[in-house]
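A structural walkthrough
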Amino acid sequence: MAADKDNTANISLIVDFRPRLRKLIEIEFVLDHLNFLDNDNKDLIRTKARKESNLKAVDLLIDTIIRIRPLPKGWFREFVDALSAGGCKHAATYVEDSPPCPALEAENDNCVRLIELLSPSLLGMKTTDVCWDCFSKGILTMEDREIILAECQNRGNMGGARELLRRIVRFPPGWFSTFLKALQVTEHKDLYKELTGESPGDNLIGCIAPAAESPPKAVIVLRDYQMDVARPALEGKNIIICLPTGSGKTRVAVYITKEHLDSRRKEGRPGKVVVLVNKVPLVEQHYSTEFWKFLKNKYKVERVSGDSQLKISFTDIVQKNDIVICTAQLLENYLERAHSGDDDGIKLSDLSLIVIDECHHTQKGGVYNHIMIRYLKQKHKNAKLKKEQKDTVAIPQILGLTASPGVGGAKKIDKAEEHILRICANLDAYKIMTGNLGENKKEPHKRIATAEERKEDPFGDVLKGVMNAIHIHAELNPTCDLGTQNYEQWVVQKEQNAAKEENQKVRVCAEHLRQYNEALYLGKTIRMWDAFSFLDKYFDEELKKKVAPEDEEAIIKTDTERFLFTLFKGNSKVKLQELAKLPQYENNSLAKLRTKILHEFTSREKARGIIFTKTRRSAIALAQWVQENSKFEEVGVKACHVIGGGGQSVVKPMTAAEQRDVLNKFQNAEINLLIATTVAEEGLDIAACNFVIRYELVTNEIAMIQARGRGRAEDSSYTLVAGEGSGVAERESVNEYREKMMSKAIDKVKKLDQEEYEKRIKEFQIQAIMEERVRTTKKKQKGMKKESPSKVKFSCRSCNKPVCSGEDVEIIENMHRVNVTPQFKELFIQRENTSLVKRLLDYETNGFIACKDCGQRWGSMMLYRGIECPCLHVKNFLVTYDEKRKNVNKWSELGIQLPAFDYAEHARSVAESSEDEESM
């Protein structure tokens, strides 16, 4: 009854505010977030919007909500959230019965009316400039921006302006003054005066932001060293440009792109440029700050990545634009389509120039190399065709960009030289070009801050005591020091062997030892409290796994699990919790870091820096440490973390949109201290950063050069904070030696006689082609030998319960392995996991599945086009293949051919079972 009353009240609110909602809701974006509406109703509403108008579609949406009976539980909250997520926050305030006060509402109505009356004048604005500024100020969403810019491109400036005005008035009160600021900073003084009756000046309410960078129409001017390195490329030759980070490699690439397209246009030949990057955030960066900014007035520029929800195919995007910035994997996917005979593919001959950013990744196994192997094969085929006096196939010019090709692990100069030559061969480079920056060279001051070892570490001693108790219980004898990477490798091997041997005692103990080892590492680098919280959360999650959902049988705990839970939850947890609160036992590296941050922010007028750390968990913990420390707040530190987007880690990854948001805030000085994993080391353009700290982190010479290069402002500093005896400072010295070796190797390559250089390059290219052929042949043979799925059996990794056969597993979109058999459904329980929620065009994941008997996670529950499909993660199973047990981490490691998921068959089966239930 209470629920019915609430529904009646909520529907009444929607009906009362219908006139407002009709004007404030943007159907296209809101519908994507409304899961309580079925697809048929959504399609009807979308059709109404497309064929009639957005207003009519909103009417239909409201009528549909009123008509639905019974309304599902939680529908109203979902409707409010959908309005906010779809960029209609003002509409959400009305639905939540929190409209603005009458005076503010009247003032807002007047602002909307004013925009409507003066729209003929406003349509003459420089739409792209105003759009970017409105977006940066928060009165346009990312989707709004994309649609407005697309409208400008397709229907001209006035069409884009019309779309912009239609969208800004949907924002909550306050948008009008922000829009006035946007007009002022984009130099629309006449429009500003028309809207306000006065000239721009001190009368504008609020703080006026500095002008957003709008795409200039000026000619690109290169410095002397930039023109020197560009010259061979301007003659049509393939080159690698090797310049330090922050010296304008991308600007040179923009100039070469412009000259390339200009010359082809003069010759009456088509030109098509693809700019490849290896990280999603770089797509937007190269687009907005370089290529679109400088070339949009003359050429069609677009960007796309694997994260994009494409409205049209990538092939169409390439065909309709002159310049496309994209992730390399996207191009490789479409090159493979063309190779397989798909009409919706792309051929290398469709392109006239490929720019490869961070081209030092063009090595074995990398996606850049896959693309370039295709290029090299065609080049060598062309040589053969030329000899036979046959027509050759066009191949694009190649331009590689890098700050540091590295030495490939070389210890001697001749091997380093060979490494550089291989990269030149892989990119078919005529030359590797370096420049003399002279007074333009910016080298940050380098320091190493060494922290003394802790004299006492009672927190670590308690952890080691617990670990030794587990060793005794499981009869394990470690061969290396606790808290080290070697111990981690040892314990992982023990867990894998125990799983194969069905030794549950050792397997479970090894899993727990990994967590304690991680806590030991965390205690050495971040706060003890963070290490304790990590362990406490792990045990809470493990205990939740042992609690069955309602109406399910209890999940059994083994004696070993009881021992392990008691070991932590008893005395150990209390001791660790108490010790974690004692600052005198904190690690000295953290104290050194604290001193360094305070020094930077008190000695500089405007400090802005990056701290690089090893793991996602330490990045998040360090950001929290800074945010919670009042001393940092006093000196004006505003910190945030940025981490990777991959799903391999147990720590929830950042989406590309979240990364962009943080980086934009850092760029705009809303954040002045970025704490990052290596995701921010390479390529990201953060011009005003004036100090860089690597915290207990050393990898290779490339990463060192890239991280150091983040400090681009004058008088920048680069500091390595390392614990005494950690080996970090020593490894940094090795990297410095390798950097010098790399410079010498590049010089040697540059001094080679051109004939000798080309001879060695050709040898490496032939070797690369032959190696690729061998790999392809082996892959084909492996595919031909694929065994029947019936030979594979899967059992629970934790309790060894038989789960299913390979015959029960099907594959969706050549990616997701699912088991939709009724028998399998009886073996698992389903749990909600909010961090797992992921929505794409055809499927979404919103929970995970776990063993009914022991709680071991098996995979995720995926909703694929309306059908629930339990998706299996093979690493959570013990695989028996031809009577032999195996640890398998990836499905590709299994030599079996799984059948494709038959959607039509399963949809029919689901429909029939639903009809049976309704008839009962």
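For the protein, the name recorded in an unreviewed UniProt entry is RNA helicase, with Oncorhynchus tshawytscha as its organism. Taken directly from UniProt, the Catalytic activity (unreviewed entry) text for the protein runs: "ATP + H2O = ADP + phosphate + H(+)". As recorded by UniProt, the Subcellular location (unreviewed entry) comment attached to the protein reads in full: "Cytoplasm".

On to the overall build of the protein, then. Counting its regular elements, the protein contains 34 helices and 24 strands. Counting every position in the protein, which comprises 920 residues, the buried fraction comes to 50%. Put simply, of all contacts in the protein between residues at least 6 apart along the chain, 69% involve residues at least 24 apart. Surface summary for the protein: the accessible area is close to 45,700 Å², and the carbon and sulfur share equals 48%.

Strand order across the open sheet formed by four strands is β15-β14-β23-β24, with antiparallel pairing between neighbours. The open sheet has two edge strands with one neighbour each: β15 (802-805) and β24 (884-886). Across the sheet, the mean angle separating the axes of adjacent strands is 30° when strand polarity is ignored. As paired elements, strand β14 (residues 792-796) and β15 share three bridges and run antiparallel to each other. Bridging from a neighbouring strand, serine 795 pairs with proline 802 of β15.

Okay, the pairing of strand β4 (residues 323-327) next. The buried fraction of β4 is high, at five of five residues. With burial as the criterion, each face of β4 is covered, one bearing Ile323, Ile325 and Thr327 and the other bearing Val324 and Cys326. With four bridges joining them, strand β3 (residues 301-304) and β4 adopt parallel strand pairing. Across the sheet, valine 304 pairs through a bridge with cysteine 326, a residue of β4.

A word on the pairing of strand β6 (residues 397-402). Among the six residues in β6, six count as buried, and that is most of the element. Alternating positions in β6 separate into two faces, Gln397, Leu399 and Leu401 on one and Ile398, Gly400 and Thr402 on the other, with burial throughout. Bridging between strand β1 (residues 239-242) and β6 involves four bridges; their strand directions are parallel. Paired with isoleucine 241 across the two strands is leucine 401, which belongs to β6. Bridging between strand β5 (residues 353-356) and β6 involves four bridges; their strand directions are parallel. Bridging across to β6, isoleucine 354 finds its partner in isoleucine 398. At this point the chain moves from β5, through helix α19 (residues 367-387), to the parallel β6, and the crossover so formed is right-handed.

How each quantity is defined
Residues numbered from 1 in each chain as written. Predicted model: local features only at pLDDT ≥ 70, side-chain atom pairs only at ≥ 80, totals over all residues. Heavy atoms only, no water. UniProt positions renumbered as here; feature names shortened; annotations may be inferred. Helix = DSSP H or I, 4+ residues; strand = E, 2+ residues; numbered from the N terminus. Buried < 20%, exposed > 50% of the residue type's maximum accessible area, 1.4 Å probe, protein only. Contact = heavy atoms within 4.5 Å. Areas by Shrake-Rupley, 256 points an atom, 1.4 Å probe, with all protein chains shown as cover. Pairing = 2+ DSSP bridges. Axes fitted to C-alpha atoms, helices over the stretch in contact; angles between N-to-C directions. Right-handed = clockwise from strand over helix to strand, strands pointing away.

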